[in-house]
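Chain by chain, the residues:
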Amino acid sequence: MRHERATEELRELAALYALGSLTLQEARSLEAHRKEGCPACELEFKKFRRAVAGIGLAIDEATPPEYIRDLLSARIEREPQPALAIPAVQADRENPAPKAARPAPVFSALTQSQKEGPNMLPWVLAATLAILGLMAAYGWRSASSTNEQLKAKLSAAQEDANGLGTMLDMRREKVENLDRVLSAAGKPGSRIARLVLQTATPEYSGAVIWDTELGECIFLGNFPLPPEGKKYQLWFFTQGAKVPAGALNVNPAGKTYAKLPVPREAANAGAAVVTLEPDNGSLIPTSPYYAVGRID
Amino acid sequence: MEQKNRATGEFPLNDDELIKLIRRVEKGNLSALMMLYDATGRLLFGLILNILGERASAEEALLDVYTHVWKQAAAYDPEMLPLEWLSELTRNTALAKLPWSKRDNGKKEIPRSAASEMTVVPEQQKTARSSLERIESAQRELLEWAYRSGLTCSEMAAQIGKPVGAVKNHLRLGLGTLGESIHPVSGSETGGKGGQIEARKSD
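Residues numbered from 1 in each chain as written. Chains lettered and ligands numbered in written order. Predicted model: local features only at pLDDT ≥ 70, side-chain atom pairs only at ≥ 80, totals over all residues. Heavy atoms only, no water.

**With respect to the sheet that holds strand β7 (residues 271–278) of chain A**
Residue and element names in this part refer to chain A.
Link 1 in the chain: Taken in spatial order, the eight strands of this open sheet run β5-β4-β7-β8-β1-β2-β3-β6, and their pairing is antiparallel. The open sheet has two free edges, formed respectively by β5 (242–248) and β6 (255–261), since each of these has just one partner strand. In this sheet, adjacent strand axes meet at a mean angle of 25° when their direction is disregarded.
Link 2 in the chain: The pairing of strand β3 (residues 216–222) with β6 spans seven bridges and is classified as antiparallel. Bridge assignment links N222 to a residue of β6, and that residue is K255. (Pairing = 2+ DSSP bridges. Helix = DSSP H or I, 4+ residues; strand = E, 2+ residues; numbered from the N terminus. Axes fitted to C-alpha atoms, helices over the stretch in contact; angles between N-to-C directions.)

Here you go:
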């Protein structure tokens, strides 16, 4: 029976099924119903299934011991690869009987035919040719499948290399960023502002390191992704001006890193401020201050 | 090459990157599996440790989870986000190893301290945490116990001396609140996360 829409009773069943809290009998009954294909129940089940999975994401993380990685790697090396297995080809390789066993009867048949007379010869030759043809087809197929496997492995290796290259680039960029931060922070004339969120519970969320020698600053922050159509913007506040210094991009992990030139008008700035502005930036702050820091 | 970011979540990955890794694992790419482990190992180990409460069996379960991912990456359900799929798989693996004698602690809360790190996809992790906080405390306690123990409503009701109906009601309401909070538009499948997932199915 298909339900027109989900009732409270169905929602309860779907929720408890997704959570694994139904008795075996109740669960089997719902499974039987699911097999019948009921879109209303299926939608509820999917919704609750994702909610249950969400509980696991809220739990505190824990660092597994270093050796688990090595154990995993070793264990996987022993496991058959899931995608490269080609059953038909494997089966052929595991049963090489046609290649090894078939020629023998051919030659014994030929010998037999010579003993019995010339009438058998065409048949024996035809059989020989047929078997040779089969062997050639087998050999071609085997070479072709090996070729396919090598291609698949090459493709996987290329993807692997690309992935590692990306990771390497990310690390290199991170190291370069750290170098810049250390260099800027270590200079005698550098100025630093620690940014505090202007929320009900103020907390440090970033810093501006101003390299006065180069006339540029490095912005480090930990902000949530901005709403659609908005961007964070950095400002330097002097006695009489609010000087825009540039937009700040937030990566999916909520981290912000930016190297921005410090405008000349901001030379005597006493504070650094972050606001949320339209995507294309603004010349004056148009929203409440999101984070503020005094420049020391 | 030596991997230094071992299960540290040092390089958080977004959903699309996680999906790409799962697809590469499906093709038999061991490095992709190890990258997936590096990105998600801490989260899944925390989850397992919370269910099993004991490191030795948690370590074994963690190995089982990634071995399963290796063998069954093709079974990744694109209707779920990668972390949701991994979370479900991990919970099932851990519960299969949980002795019945350890399923009776209804008072223990799932640890989600504000100061603890969230390294895989921090936005999803933050949403999950804040969504759990929105559930009324009695419902949340029961929900977390059910999640951690895998007990049926009747078994839970018998242990705490309450009617089965009340337990079912609490769980349904708690899970309903959680679902609406984590995936506010998933019911309509017209946008938001639901929309993204729909779009991925066609990839």
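Now that the structure has been shown, the text picks up again.
**Here's the deal with the interface of chain B and chain A**
When the parts come together, some accessible area is lost, and that loss is often what is quoted as the size of the interface.
Link 1 in the chain: With 89 residues of chain B at the interface, the matching set in chain A holds 63 residues.
Link 2 in the chain: A buried area of about 7,000 Å², summed over both sides, lies between chain B and chain A, and 61% of it is on carbon and sulfur atoms.
Link 3 in the chain: Counting across the interface, chain B meets chain A through twelve salt bridges.
Link 4 in the chain: The interface formed by chain B and chain A includes 23 residue pairs in polar contact (both at pLDDT 80 or more).
Link 5 in the chain: With 15 residues, the single largest contributor to the side of chain B that touches chain A is helix α2 (residues 30–52) of chain B.
Link 6 in the chain: Grouping the amino acids of the side of chain B that touches chain A by side-chain chemistry returns 38 nonpolar, 25 polar and 26 charged. (Contact = heavy atoms within 4.5 Å. Buried area = accessible area lost by both parts, 1.4 Å probe. Salt bridge = Lys/Arg side-chain N within 4 Å of Asp/Glu carboxyl O. Polar contact = N/O pair within 3.5 Å; in protein donor to acceptor, adjacent residues only side chain to side chain. Nonpolar A, V, L, I, M, F, W, Y, C, P; charged D, E, K, R; others polar.)

**Notes on helix α5 (residues 122–133) of chain B**
Link 1 in the chain: Compared with the 16 Å implied by 1.5 Å per residue over twelve residues, the 16 Å span of α5(B) between its first and last C-alpha is a close match.
Link 2 in the chain: Buried residues of α5(B): P122(B), Q124(B), Q125(B), A128(B), R129(B), S131(B) and L132(B), and no others.
Link 3 in the chain: Elements in contact with the buried residues of α5(B): α3 (39–58) of chain A together with α1 (15–26), α2, α4 (82–97), α6 (137–149) and α8 (164–182) of chain B. (Expected span 1.5 Å × (residues − 1). Buried < 20%, exposed > 50% of the residue type's maximum accessible area, 1.4 Å probe, protein only.)

**Digging into the packing of aromatic side chains**
Two descriptors summarise a pair of aromatic rings, namely the distance from one centre to the other and the angle between the planes of the rings.
All names here are of chain A.
Link 1 in the chain: Under the counting rule described, the total for this entry stands at nine aromatic pairs over all chains.
Link 2 in the chain: Ring centres of F223 and Y290 lie 5.4 Å apart, and the angle between their planes is 80°; on these two criteria the pair is classed as edge-to-face. Of this pair, F223 sits in the loop between β3 and β4 (230–237) while Y290 sits in strand β8 (residues 289–294), placing them 67 residues apart in sequence.
Link 3 in the chain: Note on F223: relative accessible area 1%, which makes it buried.
Link 4 in the chain: The class of Y290 is buried, set by a relative accessible area of 19%.
Link 5 in the chain: Ring plane angle 70° and centroid distance 5.4 Å describe the contact between F237 and Y289, whose orientation is recorded as edge-to-face. Highlighted residues: F237 in strand β4 and Y289 in strand β8, separated in sequence by 52 residues.
Link 6 in the chain: We classify F237 as buried; its relative accessible area is 14%.
Link 7 in the chain: Here a set of aromatic residues connected by ring pairs shows up, and it is made of F219, F223, Y232 and Y290. (Phe/Tyr/Trp six-rings, centres within 6.5 Å; stacked < 30°, edge-to-face > 60°.)

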